[in-house]
Amino acid sequence: TAFPMMRVRMGHDISLTWNLGESCTFMLHTSNAMIKYLLLTVKTVFIWICADGWTYFKHYSLHTNKKYLYAFHKQHHAFGTPTSFASFAISPLEALWTFAPIILFCFPWFPVINKLYLPLQLALILFFVILNTYLHCGYTLLLVERTLPYIYLNTSAHHDIHHELTTTNFGEVSPFWDYVFGSYHRERYLRNKQKF
């Protein structure tokens, strides 16, 4: 995040904005606020699905390329039973690989659709840091486990399967990409879910 902030301080335009109106300029010719906010929501969901796809590909690659890449990820799996500390136990290479796309936000041409509303993106990042901590806490909360699947987000029970088997459930935010690429372990999840 230092690079985008540096560019802002140097007077360069970036693809993040504090102004909600700027993030909806592609619809300025309409006065219907509902359409503007709907398109902002669609754009945000699309960006986050792409970001989740990026982290899925990274996580899958770290597990399937045992010869070269798993060495950078194995410390994360040193925690047999996940703890919240495991969510932060990543190598510098994995951290760089995870957050490298942030550099794209430094350029005004990304995303092509228009600027992203920075307060919304910061709130989502905070939410996903909290979610990641929960996924690795080693515990399940009944209300959370029953609610998150309805909004298509991973649960602690889902991610615990990944830490047990390490060959399945690579999605870091959502099980969407696990469904798409066939790496979702449904039977084990349903077995875990019966505990709730």
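Quick notes on the rules
- Residues numbered from 1 in each chain as written.
- Predicted model: local features only at pLDDT ≥ 70, side-chain atom pairs only at ≥ 80, totals over all residues.
- Heavy atoms only, no water.
- Core = buried A, V, L, I, M, F, W, Y, C linked by side-chain atoms within 4.5 Å.
- Buried < 20%, exposed > 50% of the residue type's maximum accessible area, 1.4 Å probe, protein only.
- Contact = heavy atoms within 4.5 Å.
- Salt bridge = Lys/Arg side-chain N within 4 Å of Asp/Glu carboxyl O.
- Helix = DSSP H or I, 4+ residues; strand = E, 2+ residues; numbered from the N terminus.
- Axes fitted to C-alpha atoms, helices over the stretch in contact; angles between N-to-C directions.
- Parallel < 35°, antiparallel > 145°, perpendicular 65-115°, else oblique.
- Left-handed = near helix turned anticlockwise from the far one by under 90°.
- Nonpolar A, V, L, I, M, F, W, Y, C, P; charged D, E, K, R; others polar.
- Expected span 1.5 Å × (residues − 1).
- Polar contact = N/O pair within 3.5 Å; in protein donor to acceptor, adjacent residues only side chain to side chain.

### Let's talk about the nonpolar core
Generally speaking, a soluble globular protein has its nonpolar side chains buried in company with each other.
In step 1: Listed in full, the eight residues of the largest apolar core are F128, L131, Y134, L135, C137, L148, L153 and V173.
In step 2: When residues no more than four places from it in sequence are discounted, the contact partners of V173 are D52, F128, L131, L153 and N154.

### Some details on the pattern of salt bridges
In step 1: One pass over the structure, following the stated rule, counts two salt bridges.
In step 2: A salt bridge links K58 to E94, with the shortest nitrogen-to-oxygen separation between them at 3.7 Å. Here K58 is found in helix α2 (residues 33–64), whereas its partner E94 is found in helix α3 (residues 92–99), with 36 residues between them in sequence.
In step 3: Residue K58 is classed as buried on the basis of its relative accessible area, which comes to 1%.
In step 4: Ionic pairing is found between K58 and E172, a salt bridge with its closest N-O pair at 2.9 Å. Remark: E172 occurs in the loop between α6 (156–165) and α7 (176–181) and K58 occurs in helix α2; sequence separation between them is 114 residues.
In step 5: Each of K58, E94 and E172 takes part in salt bridges that share partners, so that together they form one network.

### A short note on α6
In step 1: For α6, the tally of buried residues reaches eight of ten residues, placing the bulk of the element in the interior.
In step 2: Among the residues of α6, S156, A157, H158, H159, D160, I161, H162 and H163 are the ones counted as buried.
In step 3: Once α6 finishes, T166 follows within two positions and takes phi at roughly 60 degrees, a positive value.

### Topic: the packing of α2 against α3
In step 1: Here α2 crosses α3 at 150 degrees, and the two axes come no closer than 9 Å. By the angle between their directions, the pair α2 and α3 is classed as roughly antiparallel. Note on packing geometry: the crossing formed by α2 with α3 is right-handed. In this structure, α2 contributes W54, T55, F57, K58, S61 and L62 to the contact, and α3 contributes E94, W97 and T98.
In step 2: Tallied by class, the residues present in the contact of α2 with α3 amount to four nonpolar, three polar and two charged.

### So, helix α4 (residues 118–135)
In step 1: Its 18 residues give α4 an end-to-end C-alpha distance of 25 Å, which sits within 8% of 26 Å, the value for a rise of 1.5 Å per residue.
In step 2: Residues of α4 that are buried include every one of L118, Q121, F128, L131, Y134 and L135, and no others.
In step 3: The inward-facing, buried residues of α4 abut β1 (16–17), α2, β2 (116–117), α5 (142–147) and α6.

### Focus on the side chain of E145
In step 1: For E145, the position within the fold is in helix α5.
In step 2: The exposure class assigned to E145 is buried, which follows from its relative accessible area of 2%.
In step 3: At 3.0 Å, the side chain of E145 and the backbone nitrogen of S156 are in polar contact.

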